[in-house]
Amino acid sequence: MVTPIAHFRKLLGCFETLRQKGYISHNLQTNATLIDDDWCSLFKEFDVNVGVSLDGPLQTNTQRVDWAGRPIYDNIMRGIQFLRKNSIPFSVIAVVNSRSIELGKQLYDFFATLGCSYLAINIEEVEGVNLGTSQYLDDNRVKTFWSNLYEAWRDNPVIGVREIVAALKHIAGIVGAGSPHKVNPQPMDPFPVVDYNGNVVLLSPGFSGVQPVGYDTFVVGNVLQQSLPKLVRKRWGYDYVNDYVRGVEKCAQECAYFDFCGGGYSGSKYFGSGTTNATETAACRNTRQRLIDAIGESIVKEEGGE
């Protein structure tokens, strides 16, 4: 959004025929600080799905600052007010770390009144340039966070929560049809990411701009020189892609949570262990295992079990 709106509109216009035919959609994740009425008009014109990065109320957003180190919370909230004024639905991605892990209920209550339509929770982890330390969070604190968030949602289910929706769908499959919901096998999707200069990496946006240790490169080519489909077809020629598949195969054999997790994310594996050929990660424990444990136990309590 730092580009002029006219240029952004020109870029979106290149894809308009495909969008009108239903082949693609536009999704924008932003801190909302630059949103105004003009941007809202563009969002409506091209039916852009807007996601806002916001970690909760003021005290949980101390790490969100501008390039000068100044807090941007007020600017984020101003951008959200423009979205609401223009009746543009928006989702939120909130990062939870050691400073907010005790605030499951408070965070849900805040987002329930914010006006967002959907909430996604990311437990902070080491990935790319982020050197957060939440991979060391105690399992009990993480499970308590999910329990508190779930109970707050259960008491006031006015917005969808990505993790709760996924967990309940999985549990319903186990309890009801006997065939738990399985996530799509992640090795089947190479998830190409195009950098600002045309370089393409696969599997994780966290690999963009990173010079790996242990692999020659994450870059499989450049879209200014070869087509994206051709670059994706080259994926099996890269060790980090093949290693990821091997790691997921091991997860399928070893992990009781595999049907829910699907093998984990490549970025979490690499930045947590130095290789994509890994199994359990902090992200697995924090956002899959403890989530299922917490909601499962809460449901048992609701039904009078032990």
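Residues numbered from 1 in each chain as written. Predicted model: local features only at pLDDT ≥ 70, side-chain atom pairs only at ≥ 80, totals over all residues. Heavy atoms only, no water.

Engineer: I'd like to hear about the packing of helix α4 (residues 73-85) against helix α5 (residues 104-114), residue by residue, with values.
Structural biologist: Between α4 and α5, the least distance of the axes is 12 Å, while the angle of their chain directions is 40°. Relative to α5, α4 is oriented oblique. Listed contacts from α5 to Tyr-73, Met-77, Ile-80 and Arg-84 of α4 are Phe-110, Thr-113 and Leu-114. For the contact of α4 with α5, the class distribution of residues is five nonpolar, one polar and one charged. (Axes fitted to C-alpha atoms, helices over the stretch in contact; angles between N-to-C directions. Helix = DSSP H or I, 4+ residues; strand = E, 2+ residues; numbered from the N terminus. Parallel < 35°, antiparallel > 145°, perpendicular 65-115°, else oblique. Contact = heavy atoms within 4.5 Å. Nonpolar A, V, L, I, M, F, W, Y, C, P; charged D, E, K, R; others polar.)

Engineer: Break down the pairing of strand β1 (residues 27-30) for me, with residues and values.
Structural biologist: Of the two faces of β1, only the one carrying Leu-28 and Thr-30 is buried; Asn-27 and Gln-29 on the other face are not. Pairing geometry for β1 and strand β2 (residues 49-53), over four bridges, is parallel. Bridge pairing in β2 places Gln-29 opposite Gly-51. Taken together, β1, helix α3 (residues 37-45) and β2 constitute a β-α-β crossover, and its handedness is right-handed. (Buried < 20%, exposed > 50% of the residue type's maximum accessible area, 1.4 Å probe, protein only. Pairing = 2+ DSSP bridges. Right-handed = clockwise from strand over helix to strand, strands pointing away.)

Engineer: Quick one: what's the story with the sheet that holds strand β8 (residues 193-194), residue by residue and with numbers?
Structural biologist: Read from one edge to the other, the open sheet built from three strands follows the order β8-β9-β10, with strand pairing classed as antiparallel. Every interior strand has two partners, whereas the edge strands, β8 and β10 (219-222), have only one.

Engineer: Lay out the sheet that holds β2 with the relevant residues and their values.
Structural biologist: Spatially, five strands are ordered β1-β2-β3-β4-β7 in an open sheet, and the strand pairing comes out parallel. Sheet topology places β1 and β7 (160-161) at the edges, where each strand pairs with a single neighbour. As paired elements, strand β3 (residues 90-96) and strand β4 (residues 118-123) share six bridges and run parallel to each other. Residue pairing in the sheet places Val-95 in a bridge with Asn-122 of β4.

Engineer: Residues and numbers for the pairing of β2, please.
Structural biologist: Within β2, four of the five residues are buried, which leaves the element mostly enclosed by the surrounding structure. The β-α-β motif built from β2, the intervening α4 and the parallel element β3 has right-handed crossover chirality.

Engineer: Explain a nonpolar patch on the surface to me, using residue names and the numbers behind them.
Structural biologist: Taken together, the side chains of Val-194, Val-223, Leu-224 and Leu-228 define a hydrophobic patch exposed on the protein surface, amounting to about 330 Å² of accessible area. Along the chain, Val-194 turns up in strand β8. Accessibility expressed as a relative area gives 42% for Val-194, which makes it partly exposed. (Patch = residues over 30% accessible without salt bridge, like charges linked within 9 Å, V, L, I, M, F, W, Y side chains within 5 Å. Areas by Shrake-Rupley, 256 points an atom, 1.4 Å probe, with all protein chains shown as cover. Salt bridge = Lys/Arg side-chain N within 4 Å of Asp/Glu carboxyl O.)

Engineer: Explain the packing of aromatic side chains residue by residue, including any values.
Structural biologist: As enumerated under the stated definition, the model contains 16 aromatic pairs in all. Taken together, a centroid distance of 5.2 Å and an interplanar angle of 65° make the contact between Phe-145 and Trp-146 edge-to-face. The pair formed by Phe-145 and Trp-146 is uniform in burial state, with each residue classed as buried. Aromatic pair Phe-207 and Tyr-270: ring centres 5.9 Å apart, planes at 85°, arrangement edge-to-face. Taken together, the positions of Phe-207 in the loop between β9 (199-201) and β10 and Tyr-270 in helix α11 (residues 266-273) put the pair 63 residues apart, joining distant regions of the chain. On the basis of relative accessible area, Tyr-270 is assigned to the buried category, the value being 8%. Three or more aromatic residues joined by ring pairs form one cluster here, namely Phe-207, Tyr-215, Phe-218, Tyr-238, Tyr-240, Tyr-270 and Phe-271. Here the basic side chain of Arg-288 rests over the ring of Phe-260, its NZ or CZ set 5.6 Å away from the ring centre. (Phe/Tyr/Trp six-rings, centres within 6.5 Å; stacked < 30°, edge-to-face > 60°. Lys NZ or Arg CZ within 6 Å of the ring centre and 35° of its normal.)

Engineer: Describe helix α9 (residues 239-254), and please don't skip the residues or the numbers.
Structural biologist: An ideal rise of 1.5 Å per residue puts 22 Å on 16 residues; α9 measures up with 22 Å between its terminal C-alpha atoms. Buried within α9 we find Tyr-240, Val-241, Asn-242, Asp-243, Tyr-244, Val-245, Gly-247, Val-248 and Cys-251. If you follow the buried residues of α9, they end up packed against β9, β10, α10 (258-261) and α11. (Expected span 1.5 Å × (residues − 1).)

Engineer: Give me the nonpolar core: which residues, what numbers.
Structural biologist: Formed by 56 residues in total, the largest nonpolar core has its most connected members in Phe-43, Val-52, Leu-54 and Phe-111. By residue number, the principal contributor to this core is helix α6 (residues 139-155), which donates seven residues. Setting aside residues no more than four positions away along its own chain, Val-52 makes contact with Gln-29, Thr-30, Ala-32, Ile-76, Ile-80, Leu-83, Phe-90, Ser-91, Val-92 and Ile-93. Leu-202, Tyr-215, Val-220 and Tyr-240 belong to the second-largest nonpolar core, a separate cluster that totals 20 residues. (Core = buried A, V, L, I, M, F, W, Y, C linked by side-chain atoms within 4.5 Å.)

Engineer: Summarise the pattern of salt bridges; cite the residues concerned and give the values.
Structural biologist: Enumeration over the complete set of coordinates arrives at 14 salt bridges. When the shortest N-O distance is used, the salt bridge between Glu-102 and Arg-141 registers 2.7 Å. Remark: Arg-141 occurs in helix α6 and Glu-102 occurs in the loop between β3 and α5; sequence separation between them is 39 residues. A salt bridge links Glu-280 to Arg-285; the shortest N-O distance between them is 3.1 Å. By relative accessible area, Glu-280 is classed as partly exposed at 48%. Salt bridges linked by common partners bring Asp-139, Arg-290 and Asp-293 together as one network.

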